[in-house]
Amino acid sequence: MFSSLPHQRSIHDALPKDVPKFKYAPLQNDSQPHAKRSIRLLEILPGKRCERVVSELKEVRLTEGLEYEAISYCWGDPKNCSSIVCNGQDFAIPSRLEAALRTVRNPDSPRIVWADAICIDQCNETEKEQQVQLMRTIFSSARKTLIFLGDETEKREQKLSKFAMTTLKIGLAVLRRRVDLRDSPLVPIWDFEKQKYRNLAPFTSEFYLELIGMLRVAWFQRAWVVQEVAVSSKATIFWGSSQYDWDDVVRALKFMSQVNFPLAFVVTLENISAIEEERKSYRTGFKRLHAVLLRHQRCIATDSRDKVYSFSGLIEDPKSSLYPVRVSCHDNASRIFRETAIAILDKDKSLDLLSTPPLPTTSRIKVLPSWVPDWSLSPASTLTYSWGHGPLSLAGTELATKNLKSRFSAAGDTKYILTVSRSSSLLKVEGYVFDTVVDAGPIFYGVQVPYIVKSIKDIIKEWARCIVTLLRARKVFIQWQKLANVRSTSPYVTGGSIRDAFWQTVSTGEVDDSPRIKTELNLWEKVSRSPFGLSYGACVFIGHFLTNRPFLMFEIQGRYSLQRRMVRTKGGYLGLGSRASEVGDSIVLCKGSSVPLILRRQEDGTFSLVGDAYVHGIMKGEAFQVDKCHELVII
C-alpha cells in the first residue's frame, strides 16, 4: 500500500513499451487539512463478468457523507498485469485487482470503489507518503470493505483428492456427535452465478471445503489487510462465486473453535482470529503501537517498512493530524524500526519493548541495534488451533487492556525514562546484573500441527511430521527435567519443591491458573517419564484419537514456551529464556521492565540484548533492589 511495489519497477513499467501509460492529474492536497484531503474514487460502469472493465477515475474531497466502498485484496505477482479502460485510456493494473473489479461489478448499475493500485499514483512517491496517512480514514469512511480472496479458478485449485475428501467427511461426522448443531450459527452465502442464497452450518463438508481454501489464501497473512478490516464498519468476503458477510464467518469459526479438535484436518485460525480480535480492540479505543505490532508480527509485507506503516493507522488519533511514526519513502527499514522503537519507549515509559516472543530466525539487518525489534521477521505458524493470539511476549503487552496489565512486575512499579536520542543506536537503562546463566537446555520448537490435507500424500507427510516433532518435544522435556534436577529432594532456592518450580517455569507461572495448561503439563510429565513414558504416550495418543479427544491442547506452545530454552543460574534459579540464551549470559533487572532481561556483556563493557526471561521466584519484584541500579548501555 505505502510501497505496493517496493524497490521494484512501477507496474506500468511491466507493460510493453508500445502500450501508453495512464496519465494522472495531481491531487489538490497542498492547503487542505488532514481530514479534508483529496482522494480518487473509481466508478465501475455496469457490465457482465466476462466483459472488459470500463471505469471513470475522479478526484473527490474525503469528507463525511462520501458514498463509496473500499476494496481489500492481494497484489500478487507485479509482473502479472491486466488492462482496464479508465477515463477512456488503457490502464495497467495487477491482474488480481482486475479480477476483483469484474467480481464486484454490478450488472445494471455503477459501483463506486476505492482501490490502492488505481486510486494512488504508484509512481509518485510524495503522493504515496500523503495517501498512506489517510488509509485509516479511507477505510473507516467507506460504506463497506469488499474483501476479494480469489476468483473461481483460484478456488478450484484448492480441490481435495477423493481420499482426503472421504477422510474429511468421516472426521466431520465424528465431530458432529459432540456438538449440539441446533445452536450452531448458520452462514448465509450468496452465489452470484446461480443468483440465490444458501445456508451452511459448521461441521458440514460443504462449509469446511469453503474454509480449507479460504483461510489459506495469502490475503489473511498480509499486513495491510488488518487495518483495512479493523476500521471498517462492515466487510463482505468474495471467494470464487460465493459472497458472505465477515461477521457471519467469524461467528461460525468461533463456534467451531470451542470444540476440542483431534489432530486431524483442522484449519488453523490464527490469521483470521488475529484480524477479528484487532477489530474488537480498535473499537474499545485502547491503542498501543507496541501491542498492535506484536499481535501482528506474523503478517507478511513485501516492503519490511510496511510492517510498521500498515499498523500505525490503528493508533492514529482522529483528532490530530499527526501520524504515530514518520512516513518516508526514502529511509531504510533500520532507521524506521529504530525511530519506532524510540517512539514506543517514550510513549509507554516502559522497557517492555525489549520483551518479544523469540523468533525462529535472526535479524538480517546488520546495522539494527539489538534492542530494536526487527518487525520484518515473522514467528512460526500452524502451531495451534486456538482462537486468539500466540505465541506471546512474557510482558504480555499484546494482551494488555485498560484494566488488564502485565502479570509480572520484576522491577516493582518503576518507570523507564527515555534518555536516548532519535539518532542514537545506544540505549541507556538503569539496572543491575542479578545472576548468571550456568546451564542452558535445548530449544522447544513445539509440535507441528497437521494442516495440509489436499491429498493422501499430504496427509501422510503431515502426520509423520507431527509425530516426529512430538517425539522431539518429548526429548526436550526430558532434558529440561534433567537440567532442573526435578527428582532432587532439596528445596528450590525460594522455597517449595524443585519439581513444582520446574512446571511453574515451563508454564511461566500459569499452571495453577489454567485447567487446560495443568492438564497438558500433567500429560507431558507422564509422557516424558522413562522407560515407559513413550509407550504410555502412544497408548494415550491412540486412545484420545479413537475417543475423539485432543491429545494436546497446544496451550504451552501457543503462549510463552515456543522457541525458548530452560536455563539454570549460578544462584540456583530456574528460568525460561530466549532460544539465543547461552551459558555466561547475565540475568538483569532494569527499572521499567516488568520481566527480567537476558543480556550479553561485550568486551567494552556494554551489553547486547539476548531476550526476555521468566525466572521463577523473582517475577513479582521479590529480588529487585533499586539501590543497586546503575547505568547500563545496550548496543
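Residues numbered from 1 in each chain as written. Predicted model: local features only at pLDDT ≥ 70, side-chain atom pairs only at ≥ 80, totals over all residues. Heavy atoms only, no water.

Student: What is the right way to look at the overall build of the chain in this model?
Tutor: Counting secondary structure elements, the chain contains 17 helices and 18 strands. Counting across all 635 residues of the chain, residues that qualify as buried make up 57%. Considering only contacts within the chain whose residues lie at least 6 apart along the sequence, 74% involve residues at least 24 apart. Total accessible area computed for the chain in this model is approximately 27,300 Å², and 52% of it derives from carbon and sulfur atoms. (Helix = DSSP H or I, 4+ residues; strand = E, 2+ residues; numbered from the N terminus. Buried < 20%, exposed > 50% of the residue type's maximum accessible area, 1.4 Å probe, protein only. Contact = heavy atoms within 4.5 Å. Areas by Shrake-Rupley, 256 points an atom, 1.4 Å probe, with all protein chains shown as cover.)

Student: Is there a simple way to think about the packing of aromatic side chains in this case?
Tutor: Each aromatic ring pair is described using two quantities: the centre-to-centre distance and the angle formed by the ring planes. Within the structure shown, the criterion is met by 16 aromatic pairs. Residues tyrosine 24 and phenylalanine 91 carry aromatic rings whose centres are separated by 5.9 Å and whose planes lie at 85 degrees to one another, so their mutual orientation is edge-to-face. Of this pair, tyrosine 24 sits in the segment before β1 (38–44) while phenylalanine 91 sits in strand β5 (residues 89–94), and the two are 67 residues apart along the sequence. Look at phenylalanine 91 and you get buried, because its relative accessible area is 0%. The interplanar angle of 80 degrees and the centroid separation of 4.8 Å between the aromatic rings of phenylalanine 502 and tryptophan 503 together place this pair among those described as edge-to-face. According to the relative accessible area criterion, tryptophan 503 is buried, its value standing at 6%. An aromatic cluster is built from Phe444, Phe477, Trp480, Phe502, Trp503 and Trp524, whose rings are joined through pairwise contacts. (Phe/Tyr/Trp six-rings, centres within 6.5 Å; stacked < 30°, edge-to-face > 60°.)

Student: Before we go on, may I ask you to explain a nonpolar patch on the surface in this structure?
Tutor: On the surface, Phe163, Ile456 and Ile460 cluster together into a nonpolar patch covering about 290 Å² of accessible area. The residue phenylalanine 163 is located in helix α6 (residues 162–176) in this model. Look at phenylalanine 163 and you get partly exposed, because its relative accessible area is 41%. (Patch = residues over 30% accessible without salt bridge, like charges linked within 9 Å, V, L, I, M, F, W, Y side chains within 5 Å. Salt bridge = Lys/Arg side-chain N within 4 Å of Asp/Glu carboxyl O.)

Student: Honestly, the nonpolar core in this entry has me stumped. Any pointers?
Tutor: As a rule of thumb, soluble globular proteins bury nonpolar side chains together. Ranked by internal contacts, the top residues of the largest apolar core, which has 126 residues, are Leu101, Trp219 and Trp246. When sequence neighbours within four positions are dropped, the list of residues in contact with tryptophan 219 reads Ser72, Tyr73, Cys74, Ile147, Phe148, Leu149, Val225, Val229, Trp246 and Ile275. (Core = buried A, V, L, I, M, F, W, Y, C linked by side-chain atoms within 4.5 Å.)

Student: Mind showing me how you'd approach the sheet that holds β5 here?
Tutor: Backbone-to-backbone hydrogen bonds pair the strands of a sheet. The strands run either parallel or antiparallel. A sheet is described by the order of its strands in space; here 11 strands give the open sequence β5-β4-β2-β1-β6-β3-β7-β10-β11-β8-β9, paired in mixed fashion. Here the strands that pair on one side only, and so sit at the sheet edges, are β5 and β9 (196–200). The sheet shows a mean angle of 35 degrees between the axes of neighbouring strands, direction not considered. (Pairing = 2+ DSSP bridges. Axes fitted to C-alpha atoms, helices over the stretch in contact; angles between N-to-C directions.)

Student: Just checking my understanding: could you explain the side chain of aspartate 303 for this structure?
Tutor: Here aspartate 303 is to be found in the loop between α11 (289–295) and α12 (306–312). Among the residues examined, aspartate 303 registers a relative accessible area of 2% and is labelled buried. Engagement of the side chain of aspartate 303 in a polar contact is seen with the side chain of arginine 305, the distance being 2.6 Å. (Polar contact = N/O pair within 3.5 Å; in protein donor to acceptor, adjacent residues only side chain to side chain.)

Student: Help me out: how do you make sense of the packing of helix α14 (residues 456–484) against helix α15 (residues 498–506) in this one?
Tutor: Working note: a packed helix pair is described by the angle between its axes plus the distance between those axes. Where α14 contacts α15, the two axes come as close as 10 Å, and the packing angle between them is 135 degrees. When the axis of α14 is compared with that of α15, the two are oblique. As for the relative orientation of α14 and α15, their crossing is right-handed in sense. Side by side, α14 and α15 meet where Phe477, Trp480, Gln481 and Ala484 of the first sit next to Ile498, Phe502, Trp503 and Val506 of the second. Taken together, the residues of the contact of α14 with α15 sort by class into seven nonpolar, one polar and no charged. (Parallel < 35°, antiparallel > 145°, perpendicular 65-115°, else oblique. Left-handed = near helix turned anticlockwise from the far one by under 90°. Nonpolar A, V, L, I, M, F, W, Y, C, P; charged D, E, K, R; others polar.)

Student: Help me out: how do you make sense of the pairing of strand β16 (residues 597–601) in this one?
Tutor: When a strand is regular, its side chains alternate between the sheet's two faces. Bridging between strand β15 (residues 586–590) and β16 involves three bridges; their strand directions are antiparallel. What sits directly across from serine 586, in β16, is leucine 599. Linking two consecutive strands that pair antiparallel, namely β15 and β16, is a turn of six residues; a positive phi of about 85 degrees is found at glycine 592 within it. Here five bridges tie β16 to strand β17 (residues 607–615), and the two strands are oriented antiparallel to one another. Of the residues in β17, the one forming a bridge with arginine 600 is serine 608. Hairpin connection between β16 and β17: a loop of five residues separates the two successive antiparallel strands, and glycine 605 in this loop has a positive phi of roughly 95 degrees.

Student: I'm lost on α15 in this one. Help?
Tutor: Three- or four-residue spacings in an α-helix give side chains the same orientation, since the helix completes a turn every 3.6 residues. Across the nine residues that make up α15, a large majority, seven, are buried. Taken together, the buried positions of α15 are Ile498, Ala501, Phe502, Trp503, Gln504, Thr505 and Val506. Contact partners of the buried residues in α15: α14, α16 (515–527), β13 (564–569), β14 (574–578) and β17. Looking one or two residues past α15, threonine 508 carries a phi angle of roughly 50 degrees, positive in sign.

Student: Looking at this structure, how should I read the confidence of the model for the chain?
Tutor: Atom-level detail of predicted coordinates should not be read off regions where pLDDT is low. Confidence in the prediction of the chain, expressed as mean pLDDT, is 85, and 84% of residues score 70 or more. Throughout residues 2–16 the model reports pLDDT below 50, and contacts reaching past four residues in sequence, or to other chains, amount to 46 contacts. (pLDDT = per-residue confidence, 0-100.)

Student: Got a minute to help me understand the packing of helix α7 (residues 205–214) against helix α9 (residues 246–257) in this structure?
Tutor: Two elements in contact, α7 and α9, have axes separated by 13 Å at closest approach and are oriented at 100 degrees. Relative to α9, α7 is oriented roughly perpendicular. Residues Phe207, Tyr208, Leu211 and Met214 of α7 lie in contact with α9, whose contacting residues are Val249, Ala252, Leu253 and Met256. Taken together, the residues of the contact of α7 with α9 sort by class into eight nonpolar, no polar and no charged.

Student: Would you mind going over the state of the cysteines with me for this structure?
Tutor: Disulfides are covalent bonds that link the sulfur atoms of two cysteine residues. Considering all chains together, one arrives at zero disulfides under this definition. Counting only cysteine sulfurs, cysteine 629 is the nearest neighbor of cysteine 590, a cysteine outside any disulfide, at a range of 7.6 Å. (Disulfide = S-S within 2.5 Å.)

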